[in-house]
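What the coordinates show
Below are the chains, spelled out letter by letter.
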Amino acid sequence: MNLYNTLSRTEEPFVPADGRTVRLYNCGLTVYARGHVGNFRTFVAIDVLRRTLRYLEGYEVQQVTNFTDVDDKTIAAAAAADEPLRAYTDRYVAAFGEDAAVLGLEPVEANPRATDDENMRAMVEMIEALEARGHTYRSEGSVYFRIASLPSYGQLARLDHEGMQAGARVDSDEYAKQDARDFVLWKASKPGEPSWDLGLGPGRPGWHIECSAMALRLLGQPPIDIHGGGIDLIFPHHENEIAQAEGATGVPFVRCWFHVEFLNFDSEKMSKSIGNVFTVPEIVARGFRGSTLRYLLMSVHYRKQLTFSWEILEQAEAAMTRLSDFVARLGRVTGPAAAVELSARLDRARAEFREAMTDDLNVPRALSVVFDLLREVNGAIDAGTLGAPDAAAVQETFAWFDQVLGVLSLRRAEDEQPPVPVEEIEQLIEERRAARQSRNFARADEIRKDLDARGIVLEDSPTGTRWKRK
Ligand code: AMP
Ligand code: ZN
């Protein structure tokens, strides 16, 4: 497949180094608060990448998504809540798991936390390797990375050493640095802060070292195949990850850098610090489903900005309803095979879908392939030229699309857990049928309205009454 690589600023053919298993790392959530849907735009895009690699390219994927559970923000938030750091961050680690499930993210192979013992040790070892290779200095109990020691610094963000001097955005991790560009590897502990003493003096890791160390500990020898995150991480975070890993090992860190554009709200990046955020439960509380939000987040190409609004969420809901109604309609088609050249048409749709997705994950184009087919098949059903075996073949094709899109299966799982228990819905449908039969239309109407208020819509047809979620 072709994938845009931030390192080369071009689309390149992507094949894992060993031809079989993609070793993928992506920066996970900083667990000082519940993740917002901006964060989840990036996680959904990486999930779509993962699924494309697995189901269309046939690779195995070894994916690591970390939790940053120690940094300035987590420490400050835990202190403000008067809780131990680990207990405080546990809550948001759990919340991430809930939101990831609502959005249909495939579980990944490892979710390391920075404060896990083995990760802390890996960070300290990496810092010691950097010291041994002359990339560090110590000052007031902290250890810093000396950027001047690594001539290749700036390769990802395309910085030149001169231009970086003044005014460049530098780390918030500033203590006693010799050069404004340098960044902290190990921060001397301040009174009252959590600290670890593993040979570098009491302190805690800088944010950047967490990722380099966990990526290499869990994915093995560099270079790893893909490293991903939102575009705000290119500099300084990912640049510094490269400096640390390459400084410590002497070999390239990552073959392909994958960066996802922002989700905006009110023409600004959605971010906790601006305060313009929505969480997944907040969106669900407004009556939207996880499948709809997932659809919205992936429907714009990952390298284009996406502006969140309730209107486009409504549009995503309309598209999702069309898709799921269509699949349900296929299940009701009867009669013998009737479609002409259906299998060639389905093969073409699969080929076009594959072509779009393997062209740097062009989800909008893939969705147009899906909807073109949907429209044609609907026409064939209307015209009576589609039989049950044909419908089954179309259903199979949609299930194949959905391995990558992950919205129809999610919708089905949501339907299986409707806001009203299925037995109760079925009982009420039966009661309503009986009421209508005895011409008690007031009661029948009342049942329909009550269910509607609880999020269940009834649809009558010659073959009986069906229900669906609103
Ligand atoms: P953080 O919790 O801030 O470390 O961010 C977790 C992930 O979400 C990182 O990959 C960020 O780049 C990404 N991210 C944060 N805000 C946004 C946004 N508004 N749109 C897309 N990705 C974002
Ligand atoms: Zn990271």
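In the block above lies the structure referred to throughout.
Below or above, wherever it landed, is the structure these notes cover. (Residues numbered from 1 in each chain as written. Chains lettered and ligands numbered in written order. Predicted model: local features only at pLDDT ≥ 70, side-chain atom pairs only at ≥ 80, totals over all residues. Heavy atoms only, no water.)

**Remarks on the packing of aromatic side chains**
This is how the line gets drawn: Only rings of Phe, Tyr and Trp enter the pairing, Trp through its six-membered ring, and a pair is recorded when the two centres are within 6.5 Å. The plane angle decides the type: under 30 degrees is stacked, over 60 is edge-to-face, the rest tilted. Note on classification: 1.4 Å probe, protein chains only; a residue is buried when its accessible area is under 20% of the maximum for its type, exposed when over 50%, partly exposed between these limits. Placement of a charge over a ring requires the Lys NZ or Arg CZ to be within 6 Å of the ring centre, with the centre-to-atom vector within 35 degrees of the ring normal.
Taken as a whole, this structure holds 20 aromatic pairs when the rule is applied. Ring geometry for Tyr137 against Tyr144: centres 5.4 Å apart, planes inclined by 20 degrees, an arrangement best described as stacked. Relative to Trp310, the ring of Phe308 has its centre 5.3 Å away and its plane inclined at 80 degrees; by these criteria the two rings are edge-to-face. Considered together, Phe308 and Trp310 belong to a single accessibility category, that of buried residues. Pairwise contacts between aromatic rings join Phe265, Phe278, Phe288, Phe308 and Trp310 into one cluster. Arg303 extends its terminal NZ or CZ atom over the ring of Tyr4, reaching a point 3.9 Å from the ring centre.

**Notes on the coordination of the zinc ion (ligand 2)**
Four donors placed tetrahedrally around a metal ideally meet at 109.5 degrees, and six donors placed octahedrally ideally meet at 90 or 180 degrees. Counted only if it meets this: Because no water is among the atoms considered, metal sites can look incomplete, with donors defined as N, O and S atoms within 2.8 Å of the metal, or 3.2 Å for Na, K and Ca. Geometry assignment treats four donors as tetrahedral when all angles are between 85 and 135 degrees, treats four as square planar and six as octahedral when opposite donors are over 155 degrees apart and all others between 65 and 115, and treats everything else as irregular. Only runs of H or I of at least four residues qualify as helices and only runs of E of at least two qualify as strands under DSSP, and these elements are numbered from the N terminus.
Cys27 (SG), Cys211 (SG), His237 (NE2) and Glu241 (OE) make up the full set of protein donors to the zinc ion (ligand 2), lying at 2.0 to 2.7 Å. Metal-centred angles of 73 to 129 degrees between the four donor atoms at the zinc ion (ligand 2) mark the site as irregular. One chain supplies every donor for the zinc ion (ligand 2), spaced along it as C-x183-C-x25-H-x3-E. With Cys27 in the loop between strand E3 (21-26) and helix H1 (37-56) and Cys211 in helix H5 (residues 207-219), the pair connects residues that are 184 residues apart, well separated along the chain. Accessibility assignment for this pair places Cys27 and Cys211 in one class, buried.

**Here we look at the packing of helix H10 (residues 342-357) against helix H12 (residues 388-405)**
For any two helices packed against each other, one specifies the inter-axial angle together with the distance between the axes. In plain terms, the rule: All axes here are fitted lines through C-alpha atoms, helices being fitted over the stretch that makes contact, and every angle between N-to-C directions spans 0 to 180 degrees. In this scheme, roughly parallel covers angles under 35 degrees and roughly antiparallel covers those over 145, while 65 to 115 is roughly perpendicular and the rest are oblique. In this analysis, two residues are considered to be in contact whenever any of their non-hydrogen atoms come within 4.5 Å of each other. Residues are sorted three ways: Asp, Glu, Lys and Arg are charged, Ala, Val, Leu, Ile, Met, Phe, Trp, Tyr, Cys and Pro are nonpolar, and all the rest, Gly among them, are polar.
Relative to each other, H10 and H12 sit at 5 degrees, their axes nearing to 10 Å. Taken together, H10 and H12 sit at an angle that is classed as roughly parallel. Only Asp390, Ala393, Val394, Glu396, Thr397, Trp400, Phe401, Val404 and Leu405 of H12 make contact with H10, whose side of the interface consists of Leu342, Leu346, Ala349, Arg350, Phe353, Arg354 and Met357. Residue classes in the contact of H10 with H12 are distributed as 11 nonpolar, one polar and four charged.

**Details of the packing of helix H2 (residues 72-80) against helix H3 (residues 85-102)**
Relative to each other, H2 and H3 sit at 105 degrees, their axes nearing to 9 Å. Here H2 is positioned roughly perpendicular relative to H3, judged by the angle of their axes. Two secondary-structure elements touch here, H2 through Thr74, Ile75, Ala77 and Ala78 and H3 through Leu85, Tyr88 and Thr89. Of the residues belonging to the contact of H2 with H3, the class tally is five nonpolar, two polar and no charged.

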